[in-house]
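Structure at a glance
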Amino acid sequence: MDVNFGPQERLLWPASVLAGIAMCGAVYDITRKVSSRCFKGYNRLSGMQKVEWNNRGFSTFHALVAAAVSYYLVVISDLFNEDVQNGIIIDRKSWLSDAMFGVSIGYFLTDLVMILWYFPFLGGKEYELFILIPMFQLLHHGLSMYAIGLALLTGRAHVYILMVLFTEITTPFVNLRWYLDVAGQKNCKLYLYNGLALFAGWLVARIILFMYLFTHMYFHFDQCEVHLHIRILQRTDSAIGSSSNERLLVLEDSQGNGENPI
C-alpha cells in the first residue's frame, strides 16, 4: 500500500484527529450545560441517561458537519466534476476531505471509548435487537475507521467515502427520536413528523444514495483497472531499474578492479 504522507499530511492528519476528539469533548460539555438549563426533563434523567443524552449531542453535531462537508465536496465543488480535467475520479482529494476524514476518525474513536467505558449501558433501545450488542458496535466503528483511514492514507476513493459519510444525515433524526422518547413526548406531533423525516431520510440517504454509489462505481470500474495496471508497471519498472543499477555497479566494480589490480 502506497501511503500519501507528505509535509502537509504530517500536520493535517494528526491535527484533524485531535480536533475530532476535542470537538466531541466540547460538544458533550456544551450539551450537558445547555440541557440542564433549558430542558426541565434533563435533570430528572438518570445518570446513565444523561451520559447518553450528551453523547448523542456530539453524535448529532458530527453527523451535521460530516453531511455538510460531504455535500459541498461531492455536489457543490468541482473536485469530483467529471467535466473538469483533474485526473481520474478515484485519485481526487483535497485538504478538506483529508481534514473531514481525520475529524471523523477522532469522533469514532471517542464514541468507541465511551461505549466500552460504559458498557453495556450505552447504545439505546434500538440496539436491543442485536444479541451481541458490543460486537455490532465494535464492528460498525471498526469498519468505519478502517475504510476512512485507508482512504486517508492512500489518498484514493475519497468520493465514495464522502458519499457514505453523507448518510450520517439520518443520525440527527434517530437521536431526536431517542430524546423525545426519553422525555416522554412520544405522543406529540414532533415525534410523528420526525418519524416521517427519518423514513424519508433513510430512503434517500441509505437506499437511493447507495444505489447511485454502486452504479457510479460500476461505470468507473475501468479507472480502478487502469490504476492497478499503472501500479503494476511502476513496480515492474522499479524492479527492473533496481536490477539494472545493481548490474551497473557490478560492471563498474569489475572494470575498476581491471584497471587497478590489487
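Let's shift gears to the overall build of the protein. Counting secondary structure elements, the protein contains 8 helices and 0 strands. Beginning at the N terminus, the succession of helices and strands in the protein can be written as α-α-α-α-α-α-α-α. With 262 residues in all, the protein has 36% of them scored as buried. Residue pairs in contact within the protein that sit at least 24 positions apart in sequence constitute 76% of those at least 6 positions apart. Working note: accessible area of the protein is about 16,100 Å², and carbon and sulfur atoms make up 67% of it.

The next thing to look at is a nonpolar patch on the surface. Among the surface-exposed residues, Phe199, Leu203, Val204, Ile207, Ile208 and Met211 lie close enough to one another that they form a single nonpolar patch of about 600 Å² accessible area. Secondary-structure assignment places Met211 in helix H7 (residues 189–219). Residue classification places Met211 among the exposed positions, given a relative accessible area of 53%.

Once that is clear, we can look at the pattern of salt bridges. One pass over the full model with this rule turns up 5 salt bridges. Among the salt bridges present, the one from Arg56 reaches Glu52, with a minimum N-O distance of 2.9 Å. Linking Arg56 with Glu52, this pair stays in helix H2 (residues 47–76), spanning 4 residues, or about one helical turn. Given the relative accessible area of 5%, Arg56 is considered buried. Of the residues examined, Glu52 reaches a relative accessible area of 6% and is grouped as buried. A single network of salt bridges, built from pairs that share partners, joins Asp29, Arg32 and Lys33.

So, about the packing of helix H5 (residues 158–166) against H7. Orientation of H5 relative to H7, taken along the N-to-C sense of each, is 175 degrees, at an axis distance of 10 Å. Classified by the angle between their axes, H5 and H7 sit roughly antiparallel to one another. Each of Tyr160, Met163, Val164 and Phe166 in H5 lies in contact with H7, whose residues at this interface are Leu209, Phe210, Tyr212, Leu213, His216 and Met217. Here the contact of H5 with H7 is built from residues that sort into 9 nonpolar, 1 polar and no charged.

So, about the side chain of Ser94. By the secondary structure assignment, Ser94 is in the loop between H2 and helix H3 (95–117). Residue class for Ser94 comes out buried when judged on its relative accessible area of 18%.

You can see Thr60 is positioned in helix H2. Once the C-alpha coordinates of Thr60 and Thr171 are considered, the two residues, 111 residues apart in sequence, prove to be 6.3 Å apart. Setting aside chain neighbours within four positions, we find Thr60 in contact with Pro172 and Asn175.

Here we come to the packing of H2 against H3. Each pair of packed helices gets described by two things: the angle between the helix axes and the distance between those axes. Two numbers describe how H2 lies on H3: the axes approach to 11 Å, and their chain directions differ by 160 degrees. Classified by the angle their axes make, H2 and H3 are roughly antiparallel. Both H2 and H3 take part in a crossing whose hand is left-handed. Each of Val51, Asn55, Phe58, Ser59, His62, Val65, Ala66, Val69, Tyr72 and Leu73 in H2 lies in contact with H3, whose residues at this interface are Leu96, Ser97, Met100, Ser104, Tyr107, Thr110, Asp111 and Met114. Looking at the contact of H2 with H3, its residues break down into 11 nonpolar, 6 polar and 1 charged.

Moving on: H5. Most of H5 sits out of view: 7 of its 9 residues are buried. All of the buried residues in H5 are His158, Val159, Tyr160, Ile161, Leu162, Met163 and Leu165.

A few words on the confidence of the model for the protein. The predicted coordinates of low-pLDDT regions are not to be read in fine detail. Considering every residue of the protein, the mean pLDDT works out to 80; 77% of them sit at 70 or more. Averaged over each element, pLDDT in the protein is lowest for helix H8 (residues 221–259) (44) and highest for H2 (95). Taken as a whole, residues 257–262 scores under 50 in pLDDT and shows 0 contacts with residues more than four places along the chain or in a different chain.

Let's shift gears to helix H6 (residues 171–182). Over its 12 residues, H6 runs 17 Å from end to end, which matches the ideal 16 Å to within 8%, given 1.5 Å per residue. Within the sequence span of H6, burial applies to Thr171, Pro172, Asn175, Trp178, Tyr179 and Leu180. For H6, the secondary structure elements touched by its buried residues are H2 and H7. One or two residues past the end of H6 sits Gly184, with phi positive at roughly 75 degrees.

Below, the discussion takes up the nonpolar core. Soluble, globular proteins show a tendency: their nonpolar side chains are buried together. Ranked by internal contacts, the top residues of the largest apolar core, which has 36 residues, are Phe58, Phe80, Phe101 and Ile148. Among the secondary structure elements, those contributing two or more residues to this core are helix H1 (7–38), H2, H3, helix H4 (133–154) and H5. Element by element, the count of residues in this core is highest for H3, at 9 residues. Phe80 has contacts with Leu73, Val74, Ile89, Arg92, His158, Val159 and Leu162, leaving out every residue within four places of it along the chain. Within the second largest apolar cluster, 5 residues are counted, among which are Tyr42, Leu45, Trp53 and Tyr179.

About the criteria used
Residues numbered from 1 in each chain as written. Predicted model: local features only at pLDDT ≥ 70, side-chain atom pairs only at ≥ 80, totals over all residues. Heavy atoms only, no water. Helix = DSSP H or I, 4+ residues; strand = E, 2+ residues; numbered from the N terminus. Buried < 20%, exposed > 50% of the residue type's maximum accessible area, 1.4 Å probe, protein only. Contact = heavy atoms within 4.5 Å. Areas by Shrake-Rupley, 256 points an atom, 1.4 Å probe, with all protein chains shown as cover. Patch = residues over 30% accessible without salt bridge, like charges linked within 9 Å, V, L, I, M, F, W, Y side chains within 5 Å. Salt bridge = Lys/Arg side-chain N within 4 Å of Asp/Glu carboxyl O. Axes fitted to C-alpha atoms, helices over the stretch in contact; angles between N-to-C directions. Parallel < 35°, antiparallel > 145°, perpendicular 65-115°, else oblique. Nonpolar A, V, L, I, M, F, W, Y, C, P; charged D, E, K, R; others polar. Left-handed = near helix turned anticlockwise from the far one by under 90°. pLDDT = per-residue confidence, 0-100. Expected span 1.5 Å × (residues − 1). Core = buried A, V, L, I, M, F, W, Y, C linked by side-chain atoms within 4.5 Å.

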